[in-house]
Amino acid sequence: MIDKHSPIPIYHQLEEQIRQKIENGEYNPGDALPSEREYAEQLNISRMTVRQAISNLVNERYLIRIKGKGTFIAEQKLEQNLNGLTSFTEDMIARGMTPSNKLLNFEIIPAKPSIAQQLNIKEHAPVYEIKRIRLAQGIPMALERTYVSANLIKGLTDDIVESSLYKYIEENLGLKIGRASQIFEATHANEEEIKYLEIPEQSPVLFMRRVTKLDNGTVFELVKSSYRADRYKFMLDLER
Ligand code: 16G
């Protein structure tokens, strides 16, 4: 359905139609896109015009071109809104997805100097070290290492960290989570991330470090998360 009399350029109309098919699930990630020739014949437009529309969608990462194979629908990334202090569980539920965790490690260890400093506790004070793969719809999204002060957040169990840490802190311990500071860096996945996130070698990951405080200002967690860069993007509202 191309309107040749519209002031909107034809390539733009086609681009919009393909985008809509991706967004409403008619085209699925991994599917091959119909060929330039098919679009051109079906819509009675030139192949140049089709090429232009496809190129734009490749540039916007809706489509990916694989040499010698063709053009495919790209995996659509989850957009995480950074305008609030939320948990992974809350983020996934908010977008209608089912979160789950695979617990790789859960133990109490004496705080190493760097951890003690960031958690603002004494060296060798007990901390929970939690390593989890965080999944959405069963797909690994992030590998997360969390250090929680054990004198402050008491009674953690496997079951709790296999569901939601923040929920336990707020609903069971009755503490209020206040604020966090978070840094972002782009890096290449290390061996562990390649293995647990099921991504190819050299894949980019978004590395984040969050230090979170209760509303009384006490630091309770230090979190290092590596998110899959092919699955995640971030959104922030900026005001001037
Ligand atoms: C998010 C937070 C992490 C927090 C976790 C709690 C980032 C980078 N990290 O993954 O700091 O510990 O949520 O999640 O956003 P939970 O309540 O689902 O266990």
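Predicted, not measured: the structure shown is a model, and the values here were computed from it.

Engineer: Any details on the overall build of the protein? Residues and values, ideally.
Structural biologist: Helix and strand content of the protein: eight helices and 10 strands. For the protein, the C-alpha radius of gyration of 23 Å lies well beyond 18 Å, the compact-globule estimate for 240 residues. For the C-alpha atoms alone, the extent of the protein along its principal axes is close to 70 × 40 × 30 Å. Burial statistics for the protein: of 240 residues in total, 41% are counted as buried.

Engineer: Explain the pairing of strand β5 (residues 126–136) to me, and be specific about the residues and the numbers.
Structural biologist: With 10 of 11 residues buried, β5 is to be regarded as a mostly interior element. What sits between the antiparallel neighbours β5 and strand β6 (residues 139–149) is a turn of two residues, in which Gln137 has the positive phi angle 50°.

Engineer: If you had to explain the nonpolar core to someone new, which residues and values would you point to?
Structural biologist: Leu14, Ile18, Leu33, Tyr39 and Leu63 are the most contacted members of the largest nonpolar core, which totals 18 residues. Of all elements in the fold, only α1 (10–23), α2 (36–43) and α3 (47–59) reach the threshold of two or more residues within this core. Broken down by element, the residue count for this core peaks at five residues, all from α3. In this structure, Ile130, Leu165, Ile169 and Ile177 belong to the second largest nonpolar core, which totals 15 residues.

Engineer: For the environment of Val223, give the residues involved together with the corresponding values.
Structural biologist: Its place among the elements puts Val223 in strand β9 (residues 219–228). Separated by 11 residues in the primary sequence, Val223 and Thr212 place their C-alpha atoms 8.3 Å from one another.

Engineer: Could you give an account of the layout of surface pockets, naming the residues involved and the relevant values?
Structural biologist: Sizing a probe to match a water molecule and rolling it over the atoms shows the empty space that remains. Here the largest pocket is characterised by a volume of approximately 440 Å³. If you trace the largest pocket, you find 20 residues lining it, with Arg61, Ala74, Glu75, Gln76 and Lys77 closest to the centre. Within the residue set of the lining of the largest pocket, elements represented by two or more residues are α1, β1 (63–66) and β2 (70–73). Split by residue class, the lining of the largest pocket holds nine nonpolar, four polar and seven charged.

Engineer: Describe the site of the ligand, and please don't skip the residues or the numbers.
Structural biologist: What surrounds the ligand is a group of 17 residues, the closest being Thr89, Glu144, Ser164, Leu165 and Glu221. With respect to the ligand, the side chain of Ser164 contributes an N or O atom lying 2.6 Å from an oxygen atom. For the ligand, the protein covers 100% of the area, taking 460 Å² as the surface of the free molecule. Of the pockets mapped on this structure, the ligand occupies the largest cavity.

Engineer: Break down the domain arrangement of the protein for me, citing the residues and quoting the values.
Structural biologist: When its domains are assigned, the protein resolves into domain 1 (10–73) and domain 2 (78–235). Here the C-alpha centre of domain 2 lies 38 Å away from the C-alpha centre of domain 1.

Engineer: Break down empty space enclosed by the protein for me, citing the residues and quoting the values.
Structural biologist: This model, assessed by the stated rule, comprises one cavity of 30 Å³ or more. Estimated volume of the largest cavity: approximately 270 Å³. Taken together, 21 residues form the lining of the largest cavity, with Thr86, Phe88, Glu144, Arg210 and Val223 sitting closest to its centre. Element by element, the count of residues in the lining of the largest cavity is highest for β9, at four residues. Of the residues contributing to the lining of the largest cavity, the split by class is six nonpolar, eight polar and seven charged.

Engineer: Summarise the sheet that holds strand β4 (residues 99–110); cite the residues concerned and give the values.
Structural biologist: The sheet built from six strands is open, its strands ordered β4-β5-β6-β9-β8-β7 with antiparallel pairing. In this open sheet, the two strands that pair with only one neighbour each are β4 and β7 (177–188). Direction aside, neighbouring strands of the sheet carry axes that sit 15° apart on average. In terms of strand pairing, β5 meets β6 through 10 bridges, oriented antiparallel. Bridging across to β6, Arg132 finds its partner in Glu144. In the packing of helix α7 (residues 165–172) onto the sheet, contacts are made with β5, β6, β7, β8 (204–214) and β9, and the angle to β9 comes to roughly 155°.

Engineer: Now, about the packing of aromatic side chains: what can you tell me, with residues and values included?
Structural biologist: Summed over all chains, the structure comprises six aromatic pairs. Ring-pair connections join several aromatic residues into one group, and the members of that group are Phe184, Tyr227, Tyr232 and Phe234.

Engineer: Outline the side chain of Arg228, supporting the account with residue identities and numerical values.
Structural biologist: With respect to the element layout, Arg228 can be found in strand β9. Apart from residues lying up to four places away in sequence, Arg228 is in contact with Ile139, Pro140, Met141, Leu197, Glu198 and Ile199.

What counts, and where the lines are drawn
Residues numbered from 1 in each chain as written. Predicted model: local features only at pLDDT ≥ 70, side-chain atom pairs only at ≥ 80, totals over all residues. Heavy atoms only, no water. Helix = DSSP H or I, 4+ residues; strand = E, 2+ residues; numbered from the N terminus. Rg over C-alpha atoms; globule rule 2.2 N^0.38 Å. Buried < 20%, exposed > 50% of the residue type's maximum accessible area, 1.4 Å probe, protein only. Pairing = 2+ DSSP bridges. Core = buried A, V, L, I, M, F, W, Y, C linked by side-chain atoms within 4.5 Å. 1 Å grid on protein atoms, 1.4 Å probe; cavity = no way out; pocket = protein on both sides within 12 Å on 5 of 7 lines; lining within 4 Å. Points joined across faces, edges and corners; volume = space filled by probe spheres on them. Nonpolar A, V, L, I, M, F, W, Y, C, P; charged D, E, K, R; others polar. Near = heavy atom within 4 Å. Polar contact = N/O pair within 3.5 Å; in protein donor to acceptor, adjacent residues only side chain to side chain. Areas by Shrake-Rupley, 256 points an atom, 1.4 Å probe, with all protein chains shown as cover. Sits in = over half its atoms within 2 Å of the grid points. Domains from an automatic or database assignment. Axes fitted to C-alpha atoms, helices over the stretch in contact; angles between N-to-C directions. Contact = heavy atoms within 4.5 Å. Phe/Tyr/Trp six-rings, centres within 6.5 Å; stacked < 30°, edge-to-face > 60°.

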